[in-house]
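Observations on the model geometry
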Amino acid sequence: MKHYLAQSTEVLTKLETSADGLSVAEAEARLEKNGKNKLAEGKKESLLRRFLKQLAEPMTIILLVAAAISAGVEIYNGLQHGFEFPADVVIILAVVVINAVLGVFQESKAEKAIEALQEIAAATSKVIRDGKQITVHSEDLVVGDIIVLEAGDAVPADARIIECASMKIEEAALTGESVPVTKQESALTAAANGDVTLGDRKNMVFMGSTVVYGRGKAVVTATGMDTEMGKIADALANAQEGKTPLQIKLAGLSKILTYLVIGICVVIFGVQLIRHGVGFEPILSSFMLAISLAVAAIPEGLATVVTIVLSIGVTNMSKRNAIIRKLTAVETLGCTQILCSDKTGTLTQNKMTVVEHYGSDEVLLATAMSMCSDAEFDREANTAVGEPTECALVNYAAKLGYDKNDQKNEYLRVGEVPFDSMRKMMTTVHSKDGALVQFTKGAPDEILKRCTTALVDGKVVEMTDAVRADILAANKAMADRALRVLAAAKKELSAEPAVYEAEAVECDLCFVGLVGMIDPVRPEVKPAIDQCREAGIRAIMITGDHKDTAVAIALQLGIIESAEQAITGAELDEISDEEFESAVERYSVYARVQPEHKTRIVNAWRKKGKVTAMTGDGVNDAPSIKNADIGVGMGITGTDVTKNVADMILADDNFATIVSAAGEGRRIYDNIRKAIQFLLASNLSEVLSIFFATLIGFTIFQPVQLLWINLITDCFPALALGMEKPEADVMKRKPRDAKEGIFAGGLGAAVVYQGVLVTLITLVSYFVGHYLEAGNFDIHQESVHGTTMAFLTLAMCEVFHSFNMRSLRGSIFTLKGQNKWLWGAGLLSLALTSVVVLIPKVAELFSMTAIDAKEYFIAMALGFTIIPMVEIVKLVHRLIDRKREKANA
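Remember, predicted model here, so these are calculated numbers, not experimental data. (Residues numbered from 1 in each chain as written. Predicted model: local features only at pLDDT ≥ 70, side-chain atom pairs only at ≥ 80, totals over all residues. Heavy atoms only, no water.)

Section: the environment of histidine 597
Filter applied, for reference: For helices the rule is a DSSP run of H or I covering at least 4 residues; for strands it is a run of E covering at least 2, with both sets numbered from the N terminus onward. A simple rule labels every residue: compare its accessible area, found with a 1.4 Å probe on the protein chains alone, to the largest value its type can have, and call it buried under 20%, exposed over 50%, or partly exposed in between. Working rule for contacts: check all heavy atoms of both residues, and any pair within 4.5 Å makes them a contact. N or O atoms closer than or at 3.5 Å make up a polar contact, with two conditions inside protein: a donor-capable atom paired with an acceptor-capable one, and, for residues adjacent in sequence, both atoms drawn from side chains.
Here histidine 597 is to be found in helix 22 (residues 595–607). Given the relative accessible area of 2%, histidine 597 is considered buried. In this structure histidine 597 touches Gly569, Leu572 and Asp573, once residues within four positions along its chain are discounted. A polar contact is formed between the side chain of histidine 597 and the side chain of aspartate 573, at a distance of 2.8 Å.

As structure tokens, this is what we get:
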């Protein structure tokens with residue numbers, strides 16, 4: 001059946017449904033039979049393919065080459081001296097496999113985490129079932145469902161329109177038509193070929209399109225792959241999360257390290273050959289030394305640690321009502337300098353209540369406001385349901401004794417001109433006792449422009465300058481008290497309008513009155529704005545409300561200090577882009593703005609080089625949200641369109657949640673930097689230890705020993721650092737520069753000096769072990785005890801150093817609270833490493849020997865010295881910083 005050629009009643013009959021929708025039981029049965037309303041997904045990579053991709057990483061390839069060379073050495077030694085258990089080869093391969101398995105596991109875990117977040121932010125649709133309007137996940141829609149569509153909604157399935165009020169649909173994604181299509185309810189007439197082209201099916205709505213104006217109802221005719229969108233898409237793979245800038249930088253760092261490792265290995269290999277001559281034994285020993293350097297220089301766990309820390313951070317944010325849709329947002333949040341926020345519902349509670357009115361006939365005023373709204377009164381809950389402002393109006397009438405459910409039967413709606421943000425008003429036409437009456441409500445200044453008369457003391461009088469002045473004075477008196485003011489007007493009609501268009505209908509009106517509503521400030525917003533100020537983040541209020549209202553709220557919250565810092569959309573229109581860019585820093589409040597003004601505000605700040613976040617909920621907010629560095633969609637009042645382009649969604653529409661997310665973004669980035677500094681300093685100390693030992697003329701470590709340190713005593717503490725709580729000053733620092741590199745802020749220098757310190761401590765431990773074993777310092781004589789003590793010292797030095805990394809500049813002895821994860825990681829590393837150096841059979845597997853208590857405690861004590869050494873350097877840094885601050889004060 002071609003639904004667009006049939007009358008809507010015929011379509012309902014054919015689909016075995018009605019205007020009251022399907023029953024819940026029937027909908028469930030159809031869903032079970034026909035499946036979910038979603039397009040086929042692309043095939044996911046198999047576990048084997050993911051595993052092989054992990055093995056194809058450059059650093060992993062180097063480890064595999066190391067294992068192959070070690071195997072060659074074992075075979076040669078076996079032929080010469082008899083075969084022994086190839087511990088080196090087995091352990092290196094085990095490490096490679098475990099690392100790959102962990103990589104696959106983490107990738108799957110991250111994927112599941114993203115899927116879980118997508119479920120939280122899943123698209124929903126308003127649907128009528130059992131005669132009641134409910135909200136369901138869009139993927140649970142079935143053929144025969146009656147869907148309710150409003151401006152800003154994404155159309156969830158193909159459907160035949162059964163009710164339409166000035167509805168316009170953006171279908172560019174499907175038809176290529178750049179102009180929104182005006183829809184209708186009536187049946188279409190087929191062309192000569194017996195059909196109607198897709199773009200001309202004006203009584204149909206299609207999956208993938210967007211409602212940009214008006215409202216309507218439609219019966220679902222096709223779901224999932226049976227839709228027009230499904231027909232042109234054999235498979236639509238899930239959007240893959242791109243890498244964050246930090247991950248890209250780290251990938252680049254890994255490549256540089258790989259080339260550097262190869263270069264160092266070639267140089268050392270050449271030096272060894274020159275020193276010991278060309279021969280099979282020297283070549284093998286040189287290879288093993290080069291491999292040791294390669295293993296030492298590669299931070300095997302770095303990429304995994306960063307990914308896990310980001311994933312955990314995103315999950316934690318979702319628990320705090322900030323749903324991150326793009327990982328890049330986590331990093332950018334920590335750089336945010338300008339935070340542009342809507343007022344209603346974000347800075348305020350979005351619980352509007354009428355507290356004052358102006359007009360001689362309050363009953364007529366309340367009736368006009370209630371009838372000219374789409375909110376409904378729920379008798380069971382004893383409150384209105386719908387858009388918050390309209391709910392306040394319906395509740396206002398109900399408190400006066402006028403239940404909208406009764407009034408709807410008295411005032412039958414026969415037509416309407418829906419609200420839009422350009423006109424700032426809405427009109428409905430009703431039939432009452434055979435007569436027609438029009439109610440129009442909206443912004444007082446816009447309503448007054450269209451009024452030629454006014455209702456004063458029960459009589460209709462001409463709209464004179466004096467009457468207009470009285471109305472404007474009443475409006476200002478309410479606005480000065482931070483009330484949101486709406487006006488109502490009426491018009492008696494002799495006949496129903498030929499077309500329901502604003503220009504034809506909204507003219508020659510009779511002013512009825514004003515209502516003043518209050519939307520209380522959220523109690524947590526004022527402290528959040530104070531926190532923004534401390535953190536160097538400037539809060540900007542953007543609202544469609546009257547300037548006086550906006551200023552009153554902004555003064556209360558501390559966003560501005562005087563009304564001169566506020567500007568209206570009309571005043572903004574009179575300023576050129578160039579003038580606005582130079583003056584943008586003067587303003588923190590924008591009142592009576594249109595959606596396109598938001599884009600100008602975002603662009604002006606970004607041209608100033610500021611990282612800007614922008615909130616939005618309406619369909620027209622999408623461009624400004626997309627243009628911002630951080631686009632923030634509203635989870636409660638936001639439309640599907642804005643949610644789809646947002647980087648982050650607020651599940652509670654709360655400004656304080658954005659500030660909390662910014663703090664969490666800073667914490668995550670700080671912790672990642674701590675982990676990077678810790679891992680790179682550890683690897684540098686290993687490289688330097690091997691390098692200096694080689695120059696002096698002895699072998700200090702074997703590859704398998706370094707792998708143990710990198711993957712056991714390094715990775716666990718690094719992960720634990722990612723769980724570190726924010727430092728006390730995290731929201732008292734200025735936002736970091738978004739363009740800064742990995743080694744900015746002295747991180748590179750810290751890696752170098754800390755790596756050198758650990759190297760010196762490790763070499764001292766080796767020499768102590770050598771002396772305790774041999775009784776001399778003959779450096780050309782290899783010392784197993786020296787290697788074992790150096791191994792223990794290096795491992796424990798890095799564990800102790802991880803505690804230094806809890807704060808990059810602050811003393812660890814002044815930090816409040818403890819990182820239980822770090823303590824757990826440290827104790828685990830201590831226990832496992834102690835097993836390796838104290839149990840003879842295990843020590844032999846690692847080419848070491850079991851050491852006695854004296855050697856054990858000396859090595860541990862040397863490892864602990866890294867804490868006071870770094871504390872002294874931190875103290876010097878703090879003293880220098882304080883001196884610099886005093887000089888700049």
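Picking up after the structure, the text goes on.
A closer look at helix 12 (residues 362–371)
For helix 12, the tally of buried residues reaches 8 of 10 residues, placing the bulk of the element in the interior. Residues of helix 12 that are buried include every one of Leu364, Leu365, Ala366, Thr367, Ala368, Met369, Ser370 and Met371, and no others. The opening residue of helix 12 is aspartate 361, an N-cap whose side-chain oxygen sits 3.4 Å from the backbone nitrogen of valine 363.

Some remarks on the pattern of salt bridges
Counted only if it meets this: Each salt bridge in this description consists of a side-chain nitrogen of Lys or Arg and a carboxyl oxygen of Asp or Glu lying within 4 Å of one another.
This structure, assessed with the given rule, holds 43 salt bridges. Residue glutamate 446 pairs with arginine 450 through a salt bridge whose shortest N-O separation is 3.4 Å. Judged by relative accessible area, which is 15%, glutamate 446 ranks as buried. Arginine 450 sits in the partly exposed class, given a relative accessible area of 23%. One connected set of salt bridges, linked through shared partners, spans Glu163, Arg215, Asp374, Arg413 and Glu416.

Points about the pairing of strand 4 (residues 158–170)
Our working definition: Two strands qualify as a pair provided DSSP detects at least 2 bridges between them.
Relative to strand 7 (residues 210–222), strand 4 runs antiparallel, the two being bridged by 10 bridges. Considered in strand 7, the bridge of lysine 168 is made with tyrosine 213. The pairing of strand 4 with strand 6 (residues 204–205) spans 2 bridges and is classified as antiparallel. Note on strand 6: the bridge partner recorded for alanine 159 is valine 205. Two elements, strand 4 and strand 5 (residues 181–182), share 2 bridges in a ladder whose sense is antiparallel. By the bridge assignment, isoleucine 169 is partnered in strand 5 with valine 181.

Focus: the sheet that holds strand 25 (residues 648–650)
Definition in use: Axis angles are defined between N-to-C directions and span 0 to 180 degrees, where every axis is a line fitted to C-alpha atoms and, for a helix, only to the segment in contact.
Within the open sheet, the 8 strands sit side by side as 8-25-24-23-9-20-22-21. Their pairing is mixed. Bordering the open sheet on either side are strand 8 (322–324) and strand 21 (566–568), each of which pairs with just one other strand. Averaged over all pairs of adjacent strands, the angle between strand axes in this sheet comes to 20°, irrespective of strand direction. Where strand 21 and strand 22 (residues 589–591) come together, 3 bridges link them in parallel fashion. Looking at strand 22, one finds that alanine 566 is bridged to valine 589. Sitting on the sheet, helix 22 touches strand 9 (338–342), strand 20 (538–542), strand 22 and strand 23 (612–616), and the angle it makes with strand 23 is about 170°.

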